[in-house]
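# Inside the fold
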Amino acid sequence: MRRSTLVSAIVLALASASMSAVAAVPAAKHAVEQTTTQLPRNVRPIHYDVTVTPHADKLSFDGKVAIKVDVLESTGSITLNAMGMSFAEVTLTPAGGKAQTAKVAVDEDKQTATFSFDKPLAKGSYTLAMSYAGKIGTQANGLFAIDYDTKAGKKRALYTQFENSDARRFIPSWDEPNYKATFNLTAIVPADEMAVSNMPVAKKSDAGNGLAKVEFQPSPKMSTYLLFFGVGEFERATAMAGKTEVGVVTQKGMLSQANFALDSAKTILAEYNDYFGTPYPLPKLDNIASPGRSQFFGAMENWGAIYTFEYVLLLDPTISTQADKQNVFSVQAHEMAHQWFGDLVTMRWWDDLWLNEGFASWMEARTTEKLHPEWNTKLEQVNVREGAMGRDAIATTHPIIQHVETVEQASQAFDAITYSKGQAVIGMLEGYVGADAWRDGVRLYMKQHAYSNTVSDDLWRAVEQASKKPIADIAHDFTLQPGIPLITVDSASCAGGKTTLKLSQGEFTRDRPDKKPLSWRVPVIAQTLGGAPTRTLVTGGKATLEVPGCGAVVVNAGQSGYYRTLYGTEQFAALKDNFAKLPPIDQLGTLGDTWALGMAGKRPSSDFLDLVQATPADADPQIWGDVANDLSGLDGYYQGDAARQAALRKFAIAKLAPVFARVGWEPKEGEADPVKIQRMELIGTLGNLGDPAVLKEAQRRFDAQDKDPKAMPAALRRTILGVVARNADAATWDRLHAMAKAEKTPLVKDQLYTLLSISRDKALGQKTLDLALTDEPGATNSASMISVVSAQHPELAFDFAVAHKAEVDKKVDSSASSRYYPQLASRSLDPAMVGKVKAYAEKYVAAGSRRDADTAVATIEYRIKVKNERLPAIDAWLKAHGA
Ligand SMILES: [Zn+2]
């Protein structure tokens, strides 16, 4: 699954780096034992034969299922997962024997159904058959409906979304990842609509009354959460990639917007068949584009039938940007990596979710970089690491491998630790054993565990076997304990053309200055400027390292390590003086560490501004993207303090405007792709900082759009609308609102409703919140509108959502609900919000599922601390530098 990145994807450059902090679990010991919330182990499913008849107009469906099961020990009852269902007849038939009827007891809290029998069942094979009825939802859980506008009127399509625990809303089933089984799916659907599932259609026949019976080929052995079904007025395009038919499925009329996705799928599949060493095993691989959105995810890796929201699959010629294009590619690379890591080999239980998500995230980044070097996405790994560390530095963090007991805890596991720290740690371990040895280990792991389930140690064993290098100890240090190593450069002395570095290991935290550091074995790479890199493993807290050359030293050269580096004053000065000469990736890494150490009080917070001063105007576009983002974040801390904010803005605009002058409003012939993104980021940030020249030009272009088609080119349309919407007055907001209402293309319409939500004006924020509760924006837009309002007006949005909880709940998918409300408050600088979030959690969230609320509280407390304790040094620096 690819996590939802709605706010950052849509309002590019309007969200700050410090937004990345929410959601984490209280530290827990790793345990792989089964827990009481899982099903009894006495029965195993082998095969499901399912027929569903959706009634889209009534938002309900009928189902029939025959499940072949093995009873492993004698029992008087069978318990499986079921949710929101009612059962008609249930029978159990032993192989070659007579059917008996079962008594059914449904437990909605436990999400189970138990079938009891008069006589205990002997061990052996049986068929459990039943008829049942279920509900079609309006948010992405189970079988759900998406209503959307088209030029030909309103349409409704149906899709399924099961990860982590929602297959049980569709089929009574053993809905845990380790109960793999095969599936035969049959659907009775309108004859003029297209039905899609994991496997190709085996047979389509007339079912009378305008209906068709569609039987899909049997699936391979797989986990329940990977099953998919969709039906609607679709069209499909295909291409062959080796022996596999790759396809894209879209709503009618949108197929051409999926061309890039289809082409990309072909090249990615070829790359993965090679990398994994096991060819993709299904006959086809579709990617189904769906209108709408979810607060929980952007795309889902159903085996052979990836489901992706349109905004990360289609490229709309009127509004899609270079950033969207790259996102379409990387999301596909992520979901397609799951076809192996997740689908072919699956974690045994959600404790090891990171095996799926950390790996797919790492594979996504690696493959995007390899197949599209012109995008220079290698630098993004530093931002991914920063995203992970933002979460990992506070007390509510958790180890990558964590103990999960409940459905809600499994949903919460889809967080930055699982994804981004997982990705960063895999990158570090790959660097440690070498890329070829790592790939050989992955190939071995695929061969050893195809069609079955694993725990993390299975991966370490395979990599050790293939690479002949011990990695399990390092891997355990970074996956079984939480937190971030801090490597301090205690001294650097030069003699005989070599620098001797004395390093010590502590722990970086944002909120526990007196914490006794944990211990890690840390692979460290260091080098002097232009010198050869030297490797060491910091063990037992200390290391001495000789590096060829003298002068400025970079620790974590190449930035593959998951740790922060704290330099002494002299070494930091040398780095600052040579900042322009560092490789871009080390510039980014140094900026990241300097910002974080400054905000945590480990170094002066103004060190970051020294580096901004030292960044040359012709630095890599992504360096300036990072600087702009951090300045924007800093600006947010000054909210409500106009005089001090003005000093920062004066400095920030003076630094960014000359960079933007080089880039300009108009694209230049043959310019590099990262420059296209830089243009959007700079316009967004300068508009955010109130740069009069940018505000004026954005407004001019907005006003001229009807007369001058070139005023708002697709590449800048959203960016310009963003600047205008952020600074909108009531009349402009009304105009944007009219545009949103009139728009008939769902992908564009959704973005316009998001833009309505970014206004700086509080009254317009309130207007947007009121609008979000009406039916007008569509069922899947409202939750993100409230969420986007919270970036500017956290108190307003949180109070509003809690006050209207019953209505808002209907607009949030249940997998995201425990994180949704606390997140709304997390941008606040108001101490009163701490109590409000705590009160919310106590009232509405189960005691074992409050980590997102606790993290929101920690984030607010941290923001207040930064405001009170770090900004004075920033003020002083700005004053000393004439702002
Ligand atoms: Zn994923």
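A quick note: this is a predicted structure, and the numbers were derived from the prediction, not measured. (Residues numbered from 1 in each chain as written. Predicted model: local features only at pLDDT ≥ 70, side-chain atom pairs only at ≥ 80, totals over all residues. Heavy atoms only, no water.)

### So, the overall build of the protein
The test is simple: Elements are defined by DSSP. Helices are runs of H or I of four residues or more, strands are runs of E of two residues or more, and each kind is numbered from the N terminus. Atoms considered for the radius of gyration are the C-alpha atoms alone. The globule rule reads 2.2 Å times the number of residues to the power 0.38. For every residue, the accessible area (1.4 Å probe, protein chains only) is compared with the maximum for its type, and the residue is labelled buried under 20%, exposed over 50%, or partly exposed between those bounds. Contacts are residue-level and defined by heavy atoms, with any inter-residue pair within 4.5 Å sufficient.
Helix and strand counts for the protein stand at 27 helices and 30 strands. Against the compact-globule benchmark of 29 Å for 883 residues, the protein has a radius of gyration of 27 Å, which places it among compact chains. Along the three orthogonal principal directions, the C-alpha set of the protein runs to about 90 × 65 × 55 Å. Looking at the protein as a whole, 62% of its 883 residues qualify as buried. When contacts within the protein are restricted to residue pairs at least 6 apart in sequence, long-range pairs at least 24 apart make up 72% of them.

### Side note on the sheet that holds strand β4 (residues 75–81)
Selection rule: Following DSSP output, two strands are said to pair if at least two bridges run between them. Under this scheme, a helix contributes an axis fitted over its contacting stretch, all axes are lines through C-alpha atoms, and angles between N-to-C directions fall in the 0 to 180 degree range.
On the basis of which strands lie adjacent, the open sheet formed by three strands has the order β4-β8-β7 and antiparallel pairing. Either end of the sheet is taken by a strand with one partner, and the two such strands are β4 and β7 (103–107). Sheet twist, expressed as the mean angle between neighbouring strand axes with direction ignored, is 25 degrees. Two elements, β7 and strand β8 (residues 112–121), share five bridges in a ladder whose sense is antiparallel. When the bridges of β8 are listed, D107 appears paired with T112.

### Considering the packing of helix α14 (residues 621–637) against helix α16 (residues 673–688)
The condition that has to hold: Working rule for angles: under 35 degrees goes down as roughly parallel, over 145 as roughly antiparallel, 65 to 115 as roughly perpendicular, anything else as oblique. Crossing chirality is assigned from the near helix's rotation relative to the far helix, an anticlockwise turn below a right angle marking it left-handed and a clockwise turn marking it right-handed. In this count, Pro and Cys sit with the nonpolar residues alongside Ala, Val, Leu, Ile, Met, Phe, Trp and Tyr, while Asp, Glu, Lys and Arg are called charged and the others, Gly among them, polar.
Where α14 meets α16, the closest approach of the two axes is 9 Å, and the angle between their N-to-C directions is 20 degrees. By the angle between their directions, the pair α14 and α16 is classed as roughly parallel. Of the two elements, α14 crosses α16, and the hand of that crossing is left-handed. Contact with α14, carried on its side by P621, Q622, W624, G625, A628 and S632, involves P674, V675, Q678, E681, T685 and N688 of α16 and no other residues of that element. Here the contact of α14 with α16 is composed, by residue class, of five nonpolar, six polar and one charged.

### Notes on the sheet that holds strand β25 (residues 498–508)
Strand-to-strand pairing in sheets goes through backbone hydrogen bonds, with the strands running parallel or antiparallel. Pairing is mixed across the open sheet formed by four strands, whose spatial order is β28-β25-β24-β30. What marks the edges here is a single partner per strand, and that holds for β28 (542–548) and β30 (564–566). In this sheet, neighbouring strand axes are inclined to one another by 30 degrees on average, regardless of whether the strands run parallel or antiparallel. In terms of strand pairing, strand β24 (residues 484–495) meets β30 through three bridges, oriented parallel. Each residue of the ladder has a partner; that of I487, found in β30, is T565. Docked against the sheet, helix α12 (residues 584–599) engages β24, β25 and β30, running at close to 75 degrees with respect to β30.

### A short note on the coordination of the zinc ion
Heads up, the condition is: Coordinating donors are taken as N, O and S atoms within 2.8 Å of the metal, stretched to 3.2 Å for Na, K and Ca; because water is absent from the atoms, sites can appear incomplete.
Donor atoms from the polypeptide that coordinate the zinc ion comprise M1 (N), M1 (O), H334 (NE2), H338 (NE2) and E357 (OE), at 1.9 to 2.4 Å from the metal. When the donors of the zinc ion are listed by position in the chain, the intervening gaps give M-x332-H-x3-H-x18-E. You can see H338 sitting in helix α3 (residues 322–338) and its partner E357 sitting in helix α4 (residues 353–371), a full 19 residues away along the chain.

### Brief notes about the state of the cysteines
Stated formally: Counting rule for disulfides: a pair of cysteine sulfur atoms within 2.5 Å.
The full count for this structure, using the stated rule, is one disulfide. Across the disulfide, C494 is cross-linked to C550 (sulfur-sulfur distance 1.8 Å). One quick way to see it: the torsion about the S-S bond of C494 and C550 is about 65 degrees, and its sign makes the bridge right-handed. Residue C494 is found in strand β24, and its partner C550 is found in the loop between β28 and β29 (553–555); the two are separated by 56 residues along the sequence.

### Section: the nonpolar core
Inside soluble globular proteins, nonpolar side chains tend to come together where they are buried. Convention followed: Note on terminology: a nonpolar core comprises buried Ala, Val, Leu, Ile, Met, Phe, Trp, Tyr and Cys residues joined through side-chain atoms within 4.5 Å.
The biggest cluster of nonpolar side chains holds 282 residues, and the ones touching the most others in it are F115, Y132, F170, W174, F276, W438 and V555. It is helix α27 (residues 851–880) that contributes the most residues to this core, eleven residues altogether. Setting aside residues up to four positions removed in sequence, V555 forms contacts with I487, V489, L501, V524, I525, A526, Y563, T565 and Y567.

### Re the pattern of salt bridges
This is how the line gets drawn: Whenever Lys or Arg places a side-chain nitrogen within 4 Å of a carboxyl oxygen from Asp or Glu, that contact is recorded as a salt bridge.
Overall, the coordinates contain 45 salt bridges when judged by the stated rule. Note that R293 and D750 form a salt bridge whose closest N and O atoms lie 4.0 Å from each other. With a gap of 457 residues between them, R293 in the loop between β19 (284–290) and β20 (297–300) and D750 in helix α20 (residues 746–756) connect regions that are remote in the sequence. No difference in accessibility class separates R293 from D750, as the two residues are buried. Each of the salt bridges in this network shares a partner with another, and the network as a whole consists of R236, E245, K284 and D286.

### Observations regarding the pairing of strand β5 (residues 86–94)
Pairing of β5 with strand β9 (residues 124–135), which is carried by seven bridges, proceeds in the antiparallel orientation. Along β9, the bridge assignment pairs T91 with A129. As paired strands, β5 and strand β6 (residues 100–101) are joined by two bridges and run antiparallel to one another. Residue pairing across strands places L92 opposite Q100, the latter belonging to β6. Between the antiparallel neighbours β5 and β6 lie five residues, among them G96 with a positive phi of about 70 degrees.

### Here we look at the side chain of S197
Within the fold, S197 resides in strand β13 (residues 194–197). When neighbours within four sequence positions are excluded, S197 is seen to be in contact with L185, F216, F228, K284, G304 and A305.

### Some thoughts on α14
Basically, it comes down to this: Residue count minus one, scaled by 1.5 Å, sets the expected span of a helix. Under the rule applied, a polar contact is a pair of N or O atoms within 3.5 Å (in protein, one hydrogen donor and one hydrogen acceptor; residues adjacent in sequence only if both atoms are side-chain atoms).
Between its first and last C-alpha atoms α14 spans 25 Å; for 17 residues at 1.5 Å apiece the expected length is 24 Å, and the two agree. Looking at where α14 begins, the residue whose side-chain oxygen comes 2.9 Å from the main-chain nitrogen of Q622 is D620.

### As for the pairing of strand β3 (residues 60–71)
Taking every second residue as pointing to the same face, the buried face of β3 carries F61, G63, V65, I67, V69 and V71, while none of S60, D62, K64, A66, K68 and D70 on the other face is buried. Direction of pairing for strand β2 (residues 43–55) relative to β3: antiparallel, over a ladder of twelve bridges. Considered in β3, the bridge of H55 is made with S60. Linking β2 back to β3 in an antiparallel pair, the connection comprises four residues, with L59 at a positive phi of about 55 degrees. Examined bridge by bridge, β3 and β9 share twelve bridges and lie antiparallel to one another.

### Topic: helix α8 (residues 435–449)
An ideal rise of 1.5 Å per residue puts 21 Å on 15 residues; α8 measures up with 21 Å between its terminal C-alpha atoms. Every buried residue of α8 is accounted for by A437, W438, G441, V442, Y445, M446 and H449. Packed against the buried residues of α8 are α2 (259–276), β22 (345–347), α4, α7 (416–433), β23 (452–454) and α9 (456–467). Positive phi shows up at Y451, right after α8, with a value of about 65 degrees.

### What to know about the packing of α7 against helix α10 (residues 472–480)
Put simply, α7 and α10 touch, their axes get as near as 11 Å, and they point 165 degrees apart. The angle between α7 and α10 places the two elements in the roughly antiparallel class. For the pair α7 and α10, the crossing hand works out as right-handed. Within the contact between the two elements, α7 uses K421, V425, M428, L429 and Y432 and α10 uses I474, A475, F478 and T479.

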